[in-house]
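Listed here are the chains, written in short residue letters.
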Amino acid sequence: MSTPAKQALDHGCPPWLIASALLTIAPHFEHQPLWLSAFSAALLVWATWLWHQDQRLPGRWPMIALVGLACSGIFVEYRTLFGRDAGVGMLVIFMAMKLLELRSRRDANIITILGYFLLLTHYLYSQSIPTGLWLIAALWIVTAAQIRVNGGPLCRIRETLRYAAMICLQGIPFMLVLFVLFPRISGPLWGLPEDAHAGRTGLSDSMTPGSIASLAQSAEIAFRVRFADPLPATAKLYWRGPVLDNFDGRAWRSSAGAIPRETLTFDSAPIRYETTLEANNQRWLLALDAPSTLPPDSSLDGRLTAQGRLPITQRQRVQLASSLDYRLNVEESPKILHQNLALPARFNPQARSLAASWRAETQTPQAIIDKALELFASERFAYTLEPPLLGENSIDEFLFQTRRGFCEHYAAAFVVLMRAAGIPARVVGGYLGGEQNPLDGYWVIRQSDAHAWAEVWLEGRGWRRIDPTAVVAPARVDSGISDALPAGEPLPALVQMRGTWLRNLRHRWEALNNAWNQQILGYDPQRQRELLAKLGLPDSDWRSMATMLGGLGTLLMASMLAWTLYQHPKHDPATRLWHTALRHLARRQVHCAPGETPLALLRRIEKTDPKLAQQLNRVVECYLLTRYGDAGDALNPLRDAVAQLTRWR
Amino acid sequence: MRLLSTLQQRLFRWQSDGVAPIRLGQRRVFIVPSHGGMLFSSALIVMLIGAINYSLALGHALVFLLAGVGLSAMIQTFRNLYGLVITPGRSEPVFAGEIAHFGLTLGNERPTPRLALELSAVADHMVETAIPSQDTVQLTIPLPSTRRGWLDLPKIRLSTRYPLGLFTAWSYLQPAMRCLVYPCPRPDLPPLPAAASDSGDQYGEGGQDDFSGFRERQAADSPRHIAWKANARDDRRPLLVKQFSGGAQGTLILSWSMTPTSLDTEARLSILTGWILAAESAALHYGLELPGSSIPAGRGDAHQRRCLESLALFES
């Protein structure tokens, strides 16, 4: 039924489209390679210059050459033309190039639709509140550009912008209804490209001297926790990550191979909590030691680390419960114990001989542990984020020369000493502590809270946590990293902030972000069910949701249509006053015929009701004056005359 | 095919709207997605799949907002036509083969302008217009004429894609308007026949004696009549020709029988049309005789129009 828009664009359109392209492309500059940003920016500038000079657009061959150049550039950069980053790069290039072949309205429509599409791609990189706000502004401008293209040169800028804002606002009720009721599917529908979740920081599955210290310099949030049960005041929050029991002389890793299931006994009541994990591309759920209830699709790995079935590639909420007092594997298999005594033979002779001397002196394992902790407690050891680099015999160098280290140095040295003294021991990675936001009650655990501690196995007691850092820097365990480190350490400003109002501001911003994450970004099938149950629709499946969606959508549409249909044109005040007079006449059974002029009406009434005509005469006179007279303000006399007429009996 | 046409008749109510102003109500405005709208909705589907696949909550929100924008655009497109008042105007006669223009007045009572309205009677002749807020616009609908007689204005398609180009809203108008189409004057016109005056003078001879004044030159005037001396005095004016009163005394009755009988009716009417134009521009007294009607001699615009009208409506 419709004819394709072949009409040429008027000269006023390109600036709108260039602005749309700029707004939708610009946020990608942040993460794109420089040459790609420069290339697309150059294309935009070229398009603007051509428009400004009213020059002819480049022909077909230069365009084909440019496309070839851009595609090969992207291929060289990403080694593919598909995938997330390469795909977005291609879209950005196409958007910029389309501006160089802007001839008809159809080209312009393609630009705006491409613009809408580009808006979506930003969410692959960030879904924060600022991104959301920026994209709303971009959506507004792209819509305005589309109005300008279709409305032709008569569109005025302000009217176009206002109209676009109105159309976007009218879309919001639909968005809300669809957002709440559209049946959510937990993706992905098919395999994502390999780079879909690239660039996440977090705890890794291996530990080398300095690896946690460098992680601790990031203020990024690792996860948030909301406790459902009150937390004991003295609770130490050790969030357990990977257990690293394989030492090759330098790096600590988790040993491979089958591990029997844990035997756990809990000595205190479980504490329930909900963890919202940021994406980290790892499987561990960072449960509090020791987890007693796990979410579905997850399990303990035999070393008390709670693991999900799949890596966490996006923000994810899990329900957990933990008991803070527990006994782990009081009966441990000899094979595991043997594994946890292994040390590479060539390294760290000094440490080994020290441990051997302790073993000769004392009888109980507890006494050996105390000796090791006493060593760390001595004045000579310092806790720092910037430890000196260590050589081949890293433990020896640390223990006997540098004596400056972060938690991983102490944990690793302690475990090596224990193993050398014949006590099964291993390193545990994870996070320690966190900070509670007083505004929403959520605990925030940052990368700067990353920590490493040790576990030793004692006969009749099982695995027991020993945190050598607590001896060196007690404040680290009691009140957090910013108090444990001396001033001048390279902690991120966010973590260091001790000023009250700044801290307050940060709490507010993080609470807002958390609400955004929990309520909007975390709106998944489960949240949807919960919300619908709260609204009085328990056990709603997609069918009932679709029905409700259809019903509400129709209702919205009908009300908008009704508003449109029954918007009567506003009459000017004089006409309204005249109509008031006519209504008054109608009450006296005098009706103005269609097409009858005021004067003709007056003549007719003069014959039937001279007294009424006398009253009406003044109204007609004033009304005609407002219509045809050139005197300034004739409205007030008309108002008086009409008032007089309606008062007259 | 008959079923389809009956359906269209029912649905679009193709019947004359008479001469009264037409106000477009909701039953007269139709709306379908345009090509742009199809592209937009396919883009939305792809975006939705992307948002689901990558679990982008804001992606969902964006797609839903755009869907809302699309629905809103549908209503706005409809609104751009709804309540428009179309008043039929008049049309000037044309010669067959020329483009007839039908005047219409479009009125917008709303305080917002209505932009990008497209009107067309036939596919290739489209008029685009816009009406400011609470204003009227006069425009003409072009329609090529092919044959003499009355040319009825067919149904007009009034359509718009404003504001977003995602939907095409349209309405059919059929105001009772017609335009008179004169026969086309023949390009290879035979010379004007001799004036059949009482004195028997030949045109161009008896009329060259008594000089009666000057008038502006017209295309059909012989170069011999140009008043070269008068023109030389003032070269800014258009060329003047000398006018003689002598020849005008004889009247020229252009008769059907003067045209070659070998030609068909239309060709003969064309010749007569050409002669009338020539006679009028030569300022002759002329009349017209057709089988069944005759117009006595006269001159001037009204007379010419009367003659042309009877030619246009001959045997119809």
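Since the model is a prediction, treat every value here as computed from it, not as a measurement.

## Notes on the overall build of chain A
- Regarding its fold elements, chain A presents 24 helices and 20 strands.
- Against the compact-globule benchmark of 26 Å for 649 residues, chain A has a radius of gyration of 37 Å, which places it well outside the compact range.
- Counting only C-alpha atoms, chain A reaches 135 × 70 × 50 Å along its principal axes.
- Scored against the burial criterion, the 649 residues of chain A give a buried share of 34%.
- Partitioning the intrachain contacts of chain A with sequence separation of at least 6 by distance along the chain shows that 73% fall at a separation of at least 24.

## A short note on the overall build of chain B
- Scanning chain B from N- to C-terminus turns up six helices and 17 strands.
- For chain B, the share of sequence-separated contacts (at least 6 apart) that also reach a separation of at least 24 residues comes to 67%.

## Digging into the nonpolar core
- Of all hydrophobic cores here, the largest spans 123 residues; its most connected members are Leu17(A), Ala21(A), Ala96(A), Leu99(A), Leu62(B), Ile276(B) and Ala279(B).
- With 16 residues, the top contributor of residues to this core is helix α3 (residues 57–81) of chain B.
- Residues contacting Leu99(A), with those up to four places away along its chain left out, are Leu17(A), Ile18(A), Ala21(A), Leu43(A), Leu44(A) and Ala47(A).
- In terms of nonpolar packing, the next biggest core, distinct from the first, is built from 81 residues, Leu285(A), Phe406(A), Tyr431(A) and Ala484(A) among them.

## Description of the environment of Asn636(A)
- If you trace the backbone, Asn636(A) turns up in helix α24 (residues 635–647).
- Between the alpha carbons of Asn636(A) and Thr626(A) there is a distance of 9.8 Å; along the sequence they are ten residues apart.

## Focus: helix α13 (residues 407–420) of chain A
All names here are of chain A.
- Compared with the 20 Å implied by 1.5 Å per residue over 14 residues, the 20 Å span of α13 between its first and last C-alpha is a close match.
- With respect to burial, α13 is a largely interior element, 14 of its 14 residues being buried.
- Phi turns positive, to about 90 degrees, at Gly 422, one or two residues after α13.

## Digging into the pairing of strand β17 (residues 293–298) of chain B
All names here are of chain B.
- Bridging between strand β16 (residues 286–290) and β17 involves four bridges; their strand directions are antiparallel. What sits directly across from Glu 289, in β17, is Ser 294.
- Following β16, the chain reverses through two residues before pairing antiparallel with β17; Gly 292 in that reversal takes a positive phi of roughly 95 degrees.

## Let's talk about the environment of Ala176(B)
Residue and element names in this part refer to chain B.
- Assignment of secondary structure puts Ala 176 in the loop between β11 (167–173) and β12 (178–182).
- Overall, the presence of 12 C-beta atoms within 10 Å leaves Ala 176 in the exposed class.
- Sequence separation between Ala 176 and Arg 157 is 19 residues, and the spatial gap between their C-alpha atoms is 15 Å.
- Excluding residues that lie within four positions of it along the chain, Ala 176 makes contacts with Ser 16, Gly 18 and Val 19.

## Focus: the sheet that holds strand β3 (residues 85–91) of chain B
Residue and element names in this part refer to chain B.
- With antiparallel pairing, four strands are arranged side by side in an open sheet as β1-β3-β5-β8. The sheet terminates laterally at β1 (22–23) and β8 (135–144), the two strands that pair on one side only.
- The pairing of strand β5 (residues 99–108) with β8 spans ten bridges and is classified as antiparallel. Paired with Gly 103 across the bridge in β8 is Thr 140.

## Topic: the interface of chain B and chain A
- With 47 residues of chain B in contact, the opposing surface of chain A contributes 54 residues.
- Secondary-structure elements contributing two or more residues to the side of chain B that touches chain A are α2 (35–53), α3 and β6 (114–120) of chain B.
- Here the residues of the side of chain B that touches chain A sort into 29 nonpolar, 14 polar and four charged.

## Description of the confidence of the model for chain A
Residue and element names in this part refer to chain A.
- A residue-level look at chain A finds 93% of positions with pLDDT of 70 or above and a mean pLDDT of 84.
- Ranking the elements of chain A by mean pLDDT puts helix α17 (residues 493–496) last with 62 and helix α1 (residues 13–25) first with 93.
- Throughout residues 1–5 the model reports pLDDT below 50, and contacts reaching past four residues in sequence, or to other chains, amount to 14 contacts.

## Topic: the sheet that holds strand β17 (residues 435–436) of chain A
Residues and elements named next belong to chain A.
- One open sheet accounts for six strands, arranged β9-β12-β7-β2-β18-β17; its pairing is antiparallel. The outermost strands of the open sheet, each flanked by one partner alone, are β9 (291–293) and β17.
- The pairing of β17 with strand β18 (residues 443–446) spans two bridges and is antiparallel. In the strand pairing of β18, Glu 435 is matched with Val 444.

## Things to note about the packing of helix α7 (residues 157–181) of chain A against helix α20 (residues 542–565) of chain A
Residue and element names in this part refer to chain A.
- Where α7 contacts α20, the two axes come as close as 10 Å, and the packing angle between them is 170 degrees. Between α7 and α20, the angle is such that the two are roughly antiparallel. Contacts from Gln 170, Pro 173, Phe 174, Val 177, Leu 178 and Leu 181 in α7 reach Met 545, Met 548, Leu 549, Leu 552, Gly 553, Leu 556 and Met 560 in α20.

## Quick word on unusual backbone geometry
- With omega at -10 degrees, the peptide bond leading from Asp289(A) into Ala290(A) counts as cis.
- Relative to the helices and strands, Ala290(A) resides in the loop between β8 (287–288) and β9.
- Geometrically, the link from Tyr162(B) to Pro163(B) is a cis peptide bond, its omega value of 5 degrees lying close to zero.
- Checked against the element boundaries, Pro163(B) lands in the loop between β10 (156–160) and β11.
- A positive phi angle, close to 75 degrees, is found at Leu304(A), a residue other than glycine.

## Looking at the pairing of strand β16 (residues 425–432) of chain A
Residue and element names in this part refer to chain A.
- Of all eight residues making up β16, eight are buried, and the element is well covered by its neighbours.
- With five bridges joining them, strand β3 (residues 238–244) and β16 adopt antiparallel strand pairing. Bridge pairing links Tyr 238 to Leu 432 in β16.
- Pairing of β16 with strand β19 (residues 450–458), which is carried by seven bridges, proceeds in the antiparallel orientation. In the strand pairing of β19, Arg 426 is matched with Glu 455.

About the thresholds
Residues numbered from 1 in each chain as written. Chains lettered and ligands numbered in written order. Predicted model: local features only at pLDDT ≥ 70, side-chain atom pairs only at ≥ 80, totals over all residues. Helix = DSSP H or I, 4+ residues; strand = E, 2+ residues; numbered from the N terminus. Rg over C-alpha atoms; globule rule 2.2 N^0.38 Å. Buried ≥ 20, exposed ≤ 12 C-beta atoms within 10 Å, placed from the backbone. Contact = placed C-beta atoms within 7 Å. Core = buried A, V, L, I, M, F, W, Y, C linked by C-beta atoms within 7 Å. Expected span 1.5 Å × (residues − 1). Pairing = 2+ DSSP bridges. Nonpolar A, V, L, I, M, F, W, Y, C, P; charged D, E, K, R; others polar. pLDDT = per-residue confidence, 0-100. Axes fitted to C-alpha atoms, helices over the stretch in contact; angles between N-to-C directions. Parallel < 35°, antiparallel > 145°, perpendicular 65-115°, else oblique.

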